[in-house]
Amino acid sequence: MSDTQARSISPSTPLLIVEHLGRKLSGRWLWQGVTFALKPHMRLGLVGPSGSGKTLLLRALVRLDSCQAGTVSFAGKSLSQWLLPVYRTKVIYLPQRPSLFEGSVEQNLKMVFQLSAHRDRTYDRDRMLNDLAALNRRPEFLSLSAPQLSGGESQILGLLRALQLNPQVLLLDEPTASLDPETTTQVEALLNRWLQAAPDRACIWTSHDPNQIDRVTSKQLNLQQFIASHDN
């Protein structure tokens, strides 16, 4: 399937299909039977009690963690049929604490374009300045040392680094946990504009704030219903 074909999905065709996914920890099932479909423009809130494995599920969707049962498919192809670097250009996991490298913020933003999976893309400084302005950050933010950023500034860098790659699906693991309320509102607005800018985008969002989940998502999946009470 070509990139063009992957981006010509109709609004009724799911981007991601997760079927009967199960994860074991220390020989015991954490959850079993996780099943859902993520359609274009869907904002899915992933909720559940602390320790229910929300982050583990997001990581499993990009094959950073393994599962012991079930399947995941994207754009009509199972993950085993995708070249993993290509798949991860289309489905991007944004951890709560993004990995940063030595150098400036701008150097961190440019670094991803050195990867072969992004060789057909180029860094767009004008777009980055526009996104920074939307987050009330001045151009000087690009010159800051990435390793010395605060927790909130690191989250902003991680988000901008992902958005510039124009993914189809964003897996957002508490993306505003370290941000003040004003910046949180700005991030929510920026993500909404990203989602509306193309017909084939969707996101999955976790948050410690249930009010935020209610505010930014259109549907919720509660992992509590899939938590196993005993081993099979």
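Everything that follows concerns the structure shown earlier in this document.
Since this is a predicted model, take the numbers as computed values, not measurements.

Burial in helix H2 (residues 54-61) covers these residues: Lys54, Leu57, Leu58, Ala60 and Leu61. In a view along the axis of H2, the buried residues occupy a sector of 160°, so they form one face of it. Positioned one or two residues after H2, Arg63 has a phi angle of 60°, which is positive.

Attention now goes to the environment of Lys219. With respect to the helices and strands, the residue Lys219 is situated in strand E9 (residues 219-222). Excluding its chain neighbours within four sequence positions, the residues that come into contact with Lys219 are Met42, Arg43, Leu44 and Gly45.

Turning to the packing of aromatic side chains, a few remarks are in order. This structure, assessed with the given rule, holds four aromatic pairs. Seen in terms of ring centroids, Phe74 and Tyr87 are 5.7 Å apart; in terms of plane orientation they differ by 75°. Their pairing is edge-to-face. Here Tyr87 lies in helix H3 (residues 84-90) and Phe74 lies in strand E4 (residues 69-74), a separation of 13 residues in the sequence. Each member of the pair, Phe74 together with Tyr87, is buried. Between Trp82 and Tyr87, the ring centres sit 6.4 Å apart and the planes meet at 45°, which makes this aromatic pair tilted.

Our focus in this paragraph is the pairing of strand E6 (residues 91-94). Here E6 shows no split at all, with Val91 and Tyr93 on one side and Ile92 and Leu94 on the other all buried. Relative to strand E7 (residues 169-173), E6 runs parallel, the two being bridged by four bridges. Counterpart to Val91 in the pairing with E7 is Val169.

What follows deals with helix H6 (residues 151-163). Taking 1.5 Å per residue, 13 residues should reach 18 Å; H6 reaches 19 Å between its end C-alpha atoms and fits that length. Here H6 has its buried residues at Gly152, Ser154, Gln155, Ile156, Leu157, Gly158, Leu159, Leu160, Arg161, Ala162 and Leu163. Taken together, the buried residues of H6 touch E6, helix H4 (105-111), helix H5 (125-134), E7 and helix H7 (181-196).

It is worth spelling out the packing of H6 against H7 at this point. Relative orientation of the contacting elements H6 and H7 amounts to 10°, with a least axis distance of 12 Å. When the axes of H6 and H7 are compared, the pair comes out roughly parallel. Where H6 abuts H7, its residues Ile156, Leu159, Leu160 and Leu163 lie against Thr183, Val187, Leu190, Leu191 and Trp194. The residue inventory of the contact of H6 with H7, partitioned by class, reads eight nonpolar, one polar and no charged.

What follows is about unusual backbone geometry. Of note in the backbone geometry, His41 takes a positive phi value of approximately 70° without being a glycine. Tracing the sequence through the fold places His41 in the loop between strand E2 (28-38) and strand E3 (43-47). Classification of His41 by relative accessible area gives partly exposed; the value is 32%. The phi dihedral of Glu174 falls on the positive side, at around 50°, and the residue is not glycine. By the element assignment, Glu174 lies in the loop between E7 and H7.

Rules and cut-offs
- The numbering scheme is per chain: residues are counted from 1 as the chain's sequence reads.
- Only residues with pLDDT of 70 or above have their local features reported here, since the model is predicted, and side-chain atom pairs are shown and tallied only from 80 upward, although totals for entire chains, interfaces and linings are computed over all residues.
- As a rule here, side-chain values come from all non-hydrogen atoms in the structure, and water together with hydrogens is ignored.
- The cut-offs for exposure are 20% and 50% of the maximum accessible area for each residue type, with area from a 1.4 Å probe on protein chains only; residues under the lower value are buried, those over the upper are exposed, and the others partly exposed.
- The helix count covers DSSP runs of H or I at least four residues long, the strand count covers runs of E at least two residues long, and both are numbered beginning at the N terminus.
- The directions considered for the arc are those from the helix axis to the C-beta atoms.
- For this analysis, residues touch if any pair of their heavy atoms sits within 4.5 Å.
- Working definition: a ring pair exists when centres of Phe, Tyr or Trp rings (six-membered ring for Trp) sit within 6.5 Å. Plane angles under 30 degrees give stacked, over 60 give edge-to-face, the rest tilted.
- Two strands qualify as a pair provided DSSP detects at least 2 bridges between them.
- Expected span, for any helix, means 1.5 Å times one less than how many residues it has.
- Whenever a helix is involved, its axis is fitted only over the stretch in contact; in every case the axis is a line through C-alpha atoms, and angles between N-to-C directions fall within 0 to 180 degrees.
- Every angle not falling under 35 degrees, over 145, or within 65 to 115 is termed oblique; those three ranges are roughly parallel, roughly antiparallel and roughly perpendicular.
- Amino acids are sorted into nonpolar (Ala, Val, Leu, Ile, Met, Phe, Trp, Tyr, Cys and Pro), charged (Asp, Glu, Lys and Arg) and polar (every other residue, Gly among them).

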